[in-house]
Amino acid sequence: MQILNGKEAAQSIKDALKLEVAQLAANGKEVPHLVAILIGNNGASETYVGAKVKACEEVGFKSTLIRFEETVSAFKVLETIRDLNRDPDVDGILVQLPLPEHISADEVITCIDPAKDVDGFHPNTIGKLVLGQPSFIPATPYGIILMLEHYKIETKGRHAVVIGRSNIVGRPMSILLSGSGSYGNATVTICHSHTQNLKEICATADIVIAALGRPGFVTEDMVKEGAVIIDVGITRIADETRKSGYRISGDVDFPAVSQKASFITPVPGGVGPMTIAALMKNTFKACAVKHYE
Ligand code: NAP
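Keep in mind the model is a prediction, meaning the values are calculated, not measured.

Broken down by element type, the protein carries ten helices and eleven strands. Relative to its length of 293 residues, the protein is compact, with a C-alpha radius of gyration of 19 Å against a globular reference of 19 Å. Referenced to the eigenvectors of the C-alpha coordinate spread, the extents of the protein come out at roughly 50 × 40 × 35 Å. Counting the 293 residues in the protein, one finds 49% classified as buried. Nonlocal contacts in the protein, meaning residues at least 24 apart in sequence, comprise 70% of its contacts between residues at least 6 apart. Accessible area of the protein: about 13,900 Å², with a carbon and sulfur share of 52%. Side-chain charges of the protein comprise 29 positive and 33 negative groups, with the mean position of each set lying 3 Å from the other.

On to the side chain of K14. The residue K14 is located in helix α1 (residues 6–26) in this model. Judged by its relative accessible area of 12%, K14 is buried. Residues contacting K14, with those up to four places away along its chain left out, are A55, E58 and V59.

With that settled, consider the sheet that holds strand β11 (residues 263–264). Spatially, six strands are ordered β1-β11-β8-β7-β5-β6 in an open sheet, and the strand pairing comes out parallel. Only two strands of the sheet have a single partner each, and these edge strands are β1 (2–3) and β6 (187–191). As paired elements, strand β5 (residues 159–163) and β6 share five bridges and run parallel to each other. Across the sheet, residue V162 finds its bridge partner in β6, namely I190. Across the sheet, helix α7 (residues 170–178) is in contact with β5, β6 and β7 (207–210); its angle to β6 comes to roughly 165°.

The subject of this paragraph is the site of the ligand. What surrounds the ligand is a group of 21 residues, the closest being R165, S166, S193, I234 and T275. A distance of 2.5 Å separates an oxygen atom of the ligand from a polar side-chain atom of S193. Protein burial of the ligand: of its 930 Å² of free accessible surface, 71% is covered by the chains. A per-element tally of the shell around the ligand places helix α10 (residues 271–291) first, with three residues.

With that settled, consider the pattern of salt bridges. Applying the stated criterion across every chain yields a total of ten salt bridges. A salt bridge links R67 to E46; the shortest N-O distance between them is 3.1 Å. Of this pair, R67 sits in strand β3 (residues 62–68) while E46 is found in helix α2 (residues 43–59), placing the two residues 21 residues apart along the sequence. Through salt bridges that share partners, D239, R242 and R247 make up one connected network.

Attention shifts here to the environment of T283. In this structure, T283 sits in helix α10. For T283 and G43, which are 240 residues apart along the polypeptide, the C-alpha to C-alpha distance reads 24 Å. Leave out the neighbours within four places in its chain, and T283 touches P32, H33, L34, F61, D91 and V118.

Turning next to the sheet that holds strand β4 (residues 92–95). The strand order across the open sheet built from three strands is β3-β2-β4, with neighbouring strands paired in parallel fashion. The open sheet has two free edges, formed respectively by β3 and β4, since each of these has just one partner strand. Direction aside, neighbouring strands of the sheet carry axes that sit 15° apart on average. Direction of pairing for strand β2 (residues 33–39) relative to β3: parallel, over a ladder of seven bridges. Residue I37 lies in a different strand from β3, and its bridge partner there is I66. Seen against the sheet, α2 touches β2, β3 and β4 and runs at an angle of roughly 165° to β2.

Let us now look at the nonpolar core. The biggest cluster of nonpolar side chains holds 56 residues, and the ones touching the most others in it are F61, I144, L177, I209, I230, V232 and M280. By residue number, the principal contributor to this core is α10, which donates ten residues. No fewer than three residues from each of domain 1 (28–113) and domain 2 (139–272) sit in this core. Residues contacting I230, with those up to four places away along its chain left out, are L4, I144, L148, V208, I209, A210, T265 and V271. By size, the runner-up hydrophobic cluster in this structure holds 18 residues, among which are V90, I93, I103 and C111.

Parameters at a glance
- Residues numbered from 1 in each chain as written.
- Predicted model: local features only at pLDDT ≥ 70, side-chain atom pairs only at ≥ 80, totals over all residues.
- Heavy atoms only, no water.
- Helix = DSSP H or I, 4+ residues; strand = E, 2+ residues; numbered from the N terminus.
- Rg over C-alpha atoms; globule rule 2.2 N^0.38 Å.
- Buried < 20%, exposed > 50% of the residue type's maximum accessible area, 1.4 Å probe, protein only.
- Contact = heavy atoms within 4.5 Å.
- Areas by Shrake-Rupley, 256 points an atom, 1.4 Å probe, with all protein chains shown as cover.
- Lys, Arg positive; Asp, Glu negative; His and termini not counted.
- Charge placed at Lys NZ, Arg CZ, Asp CG, Glu CD.
- Pairing = 2+ DSSP bridges.
- Axes fitted to C-alpha atoms, helices over the stretch in contact; angles between N-to-C directions.
- Near = heavy atom within 4 Å.
- Polar contact = N/O pair within 3.5 Å; in protein donor to acceptor, adjacent residues only side chain to side chain.
- Salt bridge = Lys/Arg side-chain N within 4 Å of Asp/Glu carboxyl O.
- Core = buried A, V, L, I, M, F, W, Y, C linked by side-chain atoms within 4.5 Å.
- Domains from an automatic or database assignment.

Here you go:
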């Protein structure tokens, strides 16, 4: 069994990007600029946005963090996004989810200029993904593809089971794996809360992508010998023995499942860092397009 080390793979992607950014700067070109919008005080969101800003610094991007109180109006958020859409100095815009209940995530995402949609959630972006046209790839599925690529794990002709059908992870992941691009050509089964015989279906998978947010859901009896296991889940579980007061759990029972897997991602240190590396690649792409226009 081999651990798919997301920290290491993400670092090699960021190192390569850092060189490309240095080259842009040396040629007198603008470096990529990512703007993140954070609404409210959700602890997990704070952590994710902090990691994204830090990654920007690492690779040499400009970054701006715009914070709003939980009570900010939808109008104010949309107005800010429209201003950022018009600002030629801004290459990528991301709005950290989840949003307060009075703000529609659909409306906010749709307001972002698709050319700056580096999270890859805009309907235009997803539409192009479905059609196999060049576009941004949503950051988490893209991070998983980059991980498979880094470890040279073949997807062609294999049976991939994706558990979870969210618009940001499961659904785009299933589209990429079933597409004809590199790291596609798999036969894909997508499972959700109404799937019957999920255990039996999962046990036939060569590749399992667990993205449901249920700690330890994928157990040893659900995976076949030699399967590749990608654990997307991140759930905070109260733990008084930790300084932070919580620990992070994935969707896979790692100790038992790792005994049967050929490759497996840990949580933390697996898909999480790859998601951020993918976001950096998307932001670089958004900026590079400008330089070649
Ligand atoms: P989500 O929007 O809550 O979607 C969860 C999906 O799992 C839904 O499609 C749901 O089915 C399905 N599901 C829930 N319980 C199930 C069950 N018992 N059996 C089968 N399917 C079940 O979640 P998400 O945003 O995709 O995130 C999933 C997990 O990934 C979360 O833990 C999240 O924190 C994590 N995540 C990690 C990263 C990263 O960078 N590592 C990025 C994004 C998300 P229905 O559609 O039928 O309700």
